Amino acid sequence: MRAHEAGALHADISNQGPAWLRTPQDVNALVPALWPRTVTRGADGAVAVAGLSVRDIAAEFGTPVYVLDEDDLRSRCRDFRAAFPTEDVFYAGKAFLCRAVVRMIAEEGLHLDVCTGGELATALAAGMPPERIGFHGNNKSVAELSRALDARVGRIIVDSFTEIDRLTALARERGVRPRVLVRVTVGVEAHTHEFIATAHEDQKFGFSLAGGAAASAAFKILDEDALELRGLHSHIGSQIFDASGFEVSARRVLALQAQIRDARGVELPELDLGGGFGIAYTTQDDPAAPQDLAKRLRKIVDSECAAENLAVPRLSIEPGRAIVGPSVFTLYEVGTVKDLDSIRTYVSVDGGMSDNIRTALYDASYSATLASRASTAEPMLARVVGKHCESGDIVVKDEFLPADVQAGDLVAVPGTGAYCRSMASNYNHVPRPPVVAVRDGQARLIVRRETEEDLLALDVG
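Being a predicted model, the structure only gives us computed values, none of them experimental.

Peer 1: What exactly am I supposed to notice about the pairing of strand 20 (residues 435–439) here?
Peer 2: In regular strands, side chains alternate between the two faces of the sheet. Burial of strand 20 is extensive: 4 of the 5 residues sit out of reach of the surface. Sheet topology note: the strand 4 (residues 65–69)/strand 20 ladder contains 4 bridges and is parallel. Note on strand 20: the bridge partner recorded for Y66 is V435. Note: strand 20 against strand 21 (residues 442–447), 5 bridges, orientation antiparallel. By the bridge assignment for strand 21, A437 is matched with R444. Linking two consecutive strands that pair antiparallel, namely strand 20 and strand 21, is a turn of 2 residues; a positive phi of about 55° is found at D440 within it.

Peer 1: Which parts of the structure should I look at to understand helix 1 (residues 54–61)?
Peer 2: Since the α-helix packs 3.6 residues into each turn, any two residues three or four apart lie on the same face. Restricting attention to buried positions, one finds in helix 1 the residues V54, I57, A58 and F61. For helix 1, the buried positions fall inside an angular range of 95° around the axis, keeping them on one side. Set apart from the buried face of helix 1 by more than 90 degrees, the exposed residues are A59 and E60. Where helix 1 begins, the capping side chain belongs to S53, and its oxygen is found 3.1 Å from the backbone nitrogen of R55. Downstream of helix 1 by a residue or two, G62 has a phi angle that is positive, lying close to 80°.

Peer 1: I keep staring at the nonpolar core and nothing clicks. Help me out?
Peer 2: One finds Y91 and I156 to be the most contacted residues of the largest nonpolar core, which totals 111 residues. The dominant element in this core, judged by the number of residues it contributes, is helix 8 (residues 244–264), at 7 residues. V39, L52, V67 and A412 belong to the second largest nonpolar core, which has 21 residues in total.

Peer 1: Please clarify how the packing of helix 4 (residues 117–125) against helix 5 (residues 142–151) should be interpreted in this entry.
Peer 2: The packing of two helices is summarised by the inter-axis angle and the distance between the axes. Where helix 4 meets helix 5, the axes come as close as 10 Å, and the angle between the chain directions of the two elements is 25°. Overall, the two elements helix 4 and helix 5 adopt an arrangement that is roughly parallel. Relative to helix 5, helix 4 is oriented so that their crossing is left-handed. Taking contact as the criterion, the partners of G117, L120, A121 and L124 in helix 4 are, on helix 5, E144, R147, A148 and A151. Of the residues assigned to the contact of helix 4 with helix 5, the class counts are 5 nonpolar, 1 polar and 2 charged.

Conventions we followed
- Residues numbered from 1 in each chain as written.
- Predicted model: local features only at pLDDT ≥ 70, side-chain atom pairs only at ≥ 80, totals over all residues.
- Heavy atoms only, no water.
- Buried < 20%, exposed > 50% of the residue type's maximum accessible area, 1.4 Å probe, protein only.
- Helix = DSSP H or I, 4+ residues; strand = E, 2+ residues; numbered from the N terminus.
- Pairing = 2+ DSSP bridges.
- Arc of directions from axis to C-beta.
- Polar contact = N/O pair within 3.5 Å; in protein donor to acceptor, adjacent residues only side chain to side chain.
- Core = buried A, V, L, I, M, F, W, Y, C linked by side-chain atoms within 4.5 Å.
- Axes fitted to C-alpha atoms, helices over the stretch in contact; angles between N-to-C directions.
- Parallel < 35°, antiparallel > 145°, perpendicular 65-115°, else oblique.
- Left-handed = near helix turned anticlockwise from the far one by under 90°.
- Contact = heavy atoms within 4.5 Å.
- Nonpolar A, V, L, I, M, F, W, Y, C, P; charged D, E, K, R; others polar.

Purely geometric stuff here, so don't read any function into it on its own.
In structure tokens, the structure reads:
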């Protein structure tokens, strides 16, 4: 390994791949855990979703394109509702949001988290019942809070003393008493990437538990009585597979609930433990089923409430990427294949870091498959890269593809429903791809492809 100014990822010249990656016995096989539930490989060798071939999708909508399996998304919503029937399940708007998806999750009985004015506007435009909206964010503006109050959103998760003062003034002006939760930084660091581990003390979110700020925030809200304090909120990170962090988090948050009860005689009726449940991006990932998560979280909360002699509050969870992440794959067309003399084979596609920044930003791992046909060629260890002017423009760091992959082939990358389209950019002035929802063999456009005219329309110079 030699040093590289762009990071160790670009210095690794091994052609062996990571230890968990195994040479497949059948390079055409689809690993079920990685793909939406209606995805199959047809008799003609092409991948299909809900009975519709990716070749037809590419012909109609072009590439790159995000393909959403609507039945898969809805079934994951139902799985979480069935596992948490007496709790509130909040879909994470930041993972991916558009009006069609808002309507889907609303129809399936979920609540919705938003964290900006734009996300709130999308939710309201799609007809999401305001009482089922939770408003997050560490720096909500006066305009955003005003809109939330005027829309009568169900709850606002306050994140700073400045926000408490700001919201109190706005509420008094309007003669309303909004429901709020206090976001608590519980000092639990999830077993995840540093940049998405959000509950350790040195970060921008929430009120510190250890430093006493969380208790002070709760007391301030209760004493001033302009806001209705419903409960406490914690969030320990993202892409989490180990539930032990929730146990520590619940213990600390419920200890604060008990402290509030003892100091003010109030038992808060709600508790939000966040979520960030992991999904399978590669064969090394083993996410828990919603039913298993529900049993574990209920056991944790019941045990800690009993220890503190507290009534069990109404629980909320935020599955995050676990709903939309597995329901989408991205479809690309191969442009070039470059064999670097046994160092590595680069398969270049017509997208890249502008439609999936997570590999470059988080060192995330993804899988891929040749989607437009089956192949009898031997597996070849490849790296799928994009078309951007960056050496770090990598979509899939290591994957076995057929050795005969060539220009014009379609390659599909699963697990791209969360934080791909929502974090997409126009780097190199590349228009962002569309999102297509497929159900019962029919495809419909839910977010159109950007055009060069769209880019130029913003350029007023």
